[in-house]
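Here is how the chains run, residue by residue.
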Amino acid sequence: MTDATNADLPYSEPAGVKKGSLMTQDARTRKRNAAEKRFKAYGVIAISIGMLMLLVLVYNIISRGTGAFQQTFVTLDVELSAERLDKVGNRDINDLRKVSTFGYAPLLREAFEAKVAEHGIETDLSSKDMAGILSPSAPALLRNYVLSTPSVIGETIKFEFLASGRVDGYLKDRVTRDSIAEDKNISPAQLDFVDQLLEVGFVEKRFNMNFITGADSSDARPEAAGMGVSMLGSLFMMLVVLALALPIGVAASIYLEEFAPKNWITDIIEVNISNLAAVPSIVFGILGLAVFINYMHLPNSAPLVGGLVLTLMTLPTIIISTRASLKAVPPSIRDAALGVGASKMQSVFHHVLPLAAPGILTGTIIGLAQALGETAPLLLIGMVGFIASNPPDSIASGLLDPNSAMPAQIYEWAKRSDPAFYERAWGGIIILLGFLITMNTIAVILRRRFERRW
Amino acid sequence: MSFAKLSTSALAIAVVSASAAAARDQVQVAGSSTVLPYASIVAEAFGENFEFPTPVVESGGSSAGLKRFCEGVGENTVDIANASRAIRDREIAACAENGVTDIIEVRIGYDGIVFASQQAGPAFTEFEPSDWYTALAAEMPVDGAMVANPNTTWDQVNADLPAVDIAAFIPGTKHGTREVFEEKVLLQGCEDTGALQAMLDMGMDEDAAEGACMAVRTDGKSVDIDGDYTETLARIDSNTNGIGVFGLAFYENNTDKLKVATMGGVAPSTETISTGEYPVSRPLYFYVKKAHIGVIPGLKEYAEFFVSDEIAGPDGPLAEYGLVSDPALAETQANVADEEILGGNT
């Protein structure tokens, strides 16, 4: 209408205004265009800063953490001499058990002596110092092997032992001859010995599955530590969270959204749920300690308690996202269902809930991912420390036996004094990030595939 | 409704767990973060060599550990508290109130406290306790009046020290290490410089004077570190002039980054500490609830294994990690074997 009127009018210059052309920009247009360009530039700068930070972070994590996935191994032929391991000579398991790991250490020294003689390696090291390049976990490996198959006593068997953390650091360039000048745990002569063994091919650095599947180890043997058991701890916690938070959260939001009357009580509940979502997670830890452990007498350090605490933390996230996705289902669907004679409950469960399901699932997965990375509440319920050493053997023991969780394990490693643990903390971060990225990707895929827009 | 099934079963497990907790079969330990590495080494070796499951060792500090230890007798309380200081009378009383009466004290060895700075930093090589007192005291007596500490650089404290700003990183008050630092370094330095006598001459009573000796300046020259030694190390790393207080074992694992200073002319090492030449050391302990022996499987075996010669002796893995082994270890072993309680068996 207006267009037509304008077109009908003959074009005339307003009096006193300078004649301009669309082809040439005047000062004000240039100013406006410049402002737009500046704004775009600010945006690009903001994004670049964000991307740069991300790149620095990812580069740091990967460059420091990948080392943990590789480990140095030493191959050695060990003679399992019957004199030392079975003095009685009856191969009785109870007698064999009496020989502690300290009784197995001399076998390693002898194995090194034999190796040096066989390959003509020239070294001034004592056999004790030679064995010092091995991880302190080596005698335990021998002992477990002998106890599981006592028939091997008397034979000579090829074993692959972990090298000590310092030797491993030497092969990863973390440890140099300069840096160990004051170090009591390793000497330059031992590094020379490692070089000689490298030449003969008995020392090797390769992929270390134990880091992904193994258990935590004490401060004296960083090379043997792994994430596996704490991963199981996290898994059991997530199962508890899923089994409790999803039904409770969905039931609460369906009631609040579809059935509850809108009055001041529901308003208060709603405000409190939003507030709960913003409560710092450590508060839930204190609550968990007071209620679940001190009052209900649930066991300390158990993934069950961890799961209960994280459930409290995840509930608001799930309720808020479920309510949002229930709200997004158009009222016409409910009206149509009610119109053909469905009850209120039928309309919700047959029509609204299935349409809201992708949104609910996405919210749940994001809530779980958040809970997976949470450390603070676990500090208070005893899940941080030297804990994750026994893998659970059943579902009940997985829930009730003391265990750690992935972020708690990373925190624990970052605190320890040996720098080799620091590398493992970064490696643990890579694994944790892997899980988080996978979960978030699943959430995105679910949303892309199933979400409907009206 | 499989979710309903899942959630009911989970709740059922939660209820059952209360009774399952009664069947706890692993030893639970809590307490000092200084003792944690040693306790974890022992726990690991214990799990390898015995048919009992590996004990659980938590950290959190000596005081927090003893508090949990004193919560009562029963299977949802810890069996052992690690401590980097001896238990206090106040704590024994709190224990007794909750029914924890028979406590076995086990001394595992000694720990040295060292003063270290950046490897490439200024030449902090020799300290005397008096240097630390003069550098860190909040107020000191000058001509009969207490004045705020005027020193800002180390060479003002002692002309032999480098001329750099004072930047000390000391353990926070929740650490057992702080207590040792105050008593063996600050108080000692206060006596050596004559400041203690000067304060007494000014008419202060002895408690107030000692308190003033151990009060640390709060103007930013000295920073309390509440976290672990890794945090102190990170501060030293980023501050060329920084000097930190560390445990001997931590220093021995990080000799590539830290250089250690002598105290009173003696370099810290397991040898100088065991002979008592190096002045700043303290005993490490753990405390066992006697009522739990025989109830929690493996508890006594763990305690005996901890102090056995092959573990806590001078050639054992604990000494290798940095523990100064106790010359009176045999006595401790006998005490553990007899379950000798604090205050004597009656």
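What counts and how
- Residues numbered from 1 in each chain as written.
- Chains lettered and ligands numbered in written order.
- Predicted model: local features only at pLDDT ≥ 70, side-chain atom pairs only at ≥ 80, totals over all residues.
- Heavy atoms only, no water.
- Helix = DSSP H or I, 4+ residues; strand = E, 2+ residues; numbered from the N terminus.
- Rg over C-alpha atoms; globule rule 2.2 N^0.38 Å.
- Buried < 20%, exposed > 50% of the residue type's maximum accessible area, 1.4 Å probe, protein only.
- Domains from an automatic or database assignment.
- Contact = heavy atoms within 4.5 Å.
- Buried area = accessible area lost by both parts, 1.4 Å probe.
- Salt bridge = Lys/Arg side-chain N within 4 Å of Asp/Glu carboxyl O.
- Pairing = 2+ DSSP bridges.
- Axes fitted to C-alpha atoms, helices over the stretch in contact; angles between N-to-C directions.
- Disulfide = S-S within 2.5 Å.

Engineer: Hey, could you run me through the overall build of chain A in this one?
Structural biologist: Of the regular secondary structure elements, chain A holds 20 helices and four strands. At 33 Å, chain A has a C-alpha radius of gyration far larger than the 22 Å of a compact globule built from 454 residues. Seen through its principal axes, chain A has C-alpha atoms that stretch 110 × 65 × 35 Å. Residues classed as buried in chain A amount to 46% of the 454 residues present.

Engineer: How should the domain arrangement of chain A be read in this particular structure?
Structural biologist: How large an interface is tends to be reported as the accessible area lost when its parts come together. Residues and elements named next belong to chain A. Looking at the assigned domains, one finds that chain A contains domain 1 (69-208) and domain 2 (228-450). If you average the C-alpha positions of domain 1 and of domain 2, the two centres end up 45 Å apart. Opposite the seven residues of domain 1 that make contact, domain 2 presents seven residues. Summed over both sides, the interface of domain 1 with domain 2 buries roughly 510 Å², with 46% coming from carbon and sulfur. Our count for the contact surface shared by domain 1 and domain 2 stands at three salt bridges. With a shortest N-O distance of 3.2 Å, arginine 166 and aspartate 418 are connected by a salt bridge.

Engineer: How do you make sense of the sheet that holds strand β1 (residues 70-79) of chain A when you look at a structure like this?
Structural biologist: Paired through backbone hydrogen bonds, the strands of a sheet run either parallel or antiparallel to each other. Residues and elements named next belong to chain A. Ordered by their spatial adjacency, three strands build an open sheet running β2-β1-β3, and the pairing between neighbours is antiparallel. Of all the strands in the sheet, just β2 (156-162) and β3 (203-207) have a single pairing partner and so form its edges. Across the sheet, the mean angle separating the axes of adjacent strands is 35 degrees when strand polarity is ignored. Bridging between β1 and β3 involves five bridges; their strand directions are antiparallel. Note that in β3 the partner of glutamine 71 across the bridge is arginine 206.

Engineer: So what exactly am I meant to see when it comes to the interface of chain A and chain B here?
Structural biologist: Opposite the 46 residues of chain A that make contact, chain B presents 49 residues. Interface of chain A and chain B: buried area, both sides summed, is about 4000 Å²; carbon and sulfur atoms make up 53% of it. Contact with chain B buries area across many residues of chain A, yet Phe102, Phe386 and Ser417 of chain A alone supply 16% of it, more than any other trio. On inspection of chain A and its partner chain B, the count reaches four salt bridges. The residue lysine 184 of chain A makes a salt bridge to glutamate 252 of chain B at a minimum N-O spacing of 3.3 Å. Listed by contribution, the elements that provide at least two residues to the side of chain A that touches chain B are α5 (101-119), α7 (138-148), α11 (228-259), β4 (385-386), α18 (395-400) and α19 (406-415) of chain A.

Engineer: Before we go on, may I ask you to explain the state of the cysteines in this structure?
Structural biologist: Residues and elements named next belong to chain B. As enumerated under the stated definition, the model contains two disulfides over all chains in all. There is a disulfide in this structure between cysteine 70 and cysteine 95, and the S-S distance comes to 1.9 Å. Between cysteine 70 and cysteine 95, the S-S dihedral sits near -70 degrees, and the bridge is therefore left-handed. On the criterion of sequence distance, the pair formed by cysteine 70 in the loop between α3 (62-69) and β3 (80-83) and cysteine 95 in helix α4 (residues 89-97) is long-range, its members being 25 residues apart. Taking the relative accessible area as the measure of exposure, cysteine 95 reaches 0% and is therefore buried. Residue cysteine 190 pairs covalently with cysteine 213 via a disulfide, S to S 1.9 Å. Taking the sign of the S-S torsion, -50 degrees for the link of cysteine 190 and cysteine 213, the bridge is left-handed. Of this pair, cysteine 190 sits in helix α7 (residues 176-192) while cysteine 213 sits in helix α9 (residues 206-214), and the two are 23 residues apart along the sequence. In this structure, cysteine 190 and cysteine 213 share a single accessibility class: buried. Here the disulfide map of chain B reads 1-2, 3-4, the bonded cysteines being numbered as they appear in the sequence.

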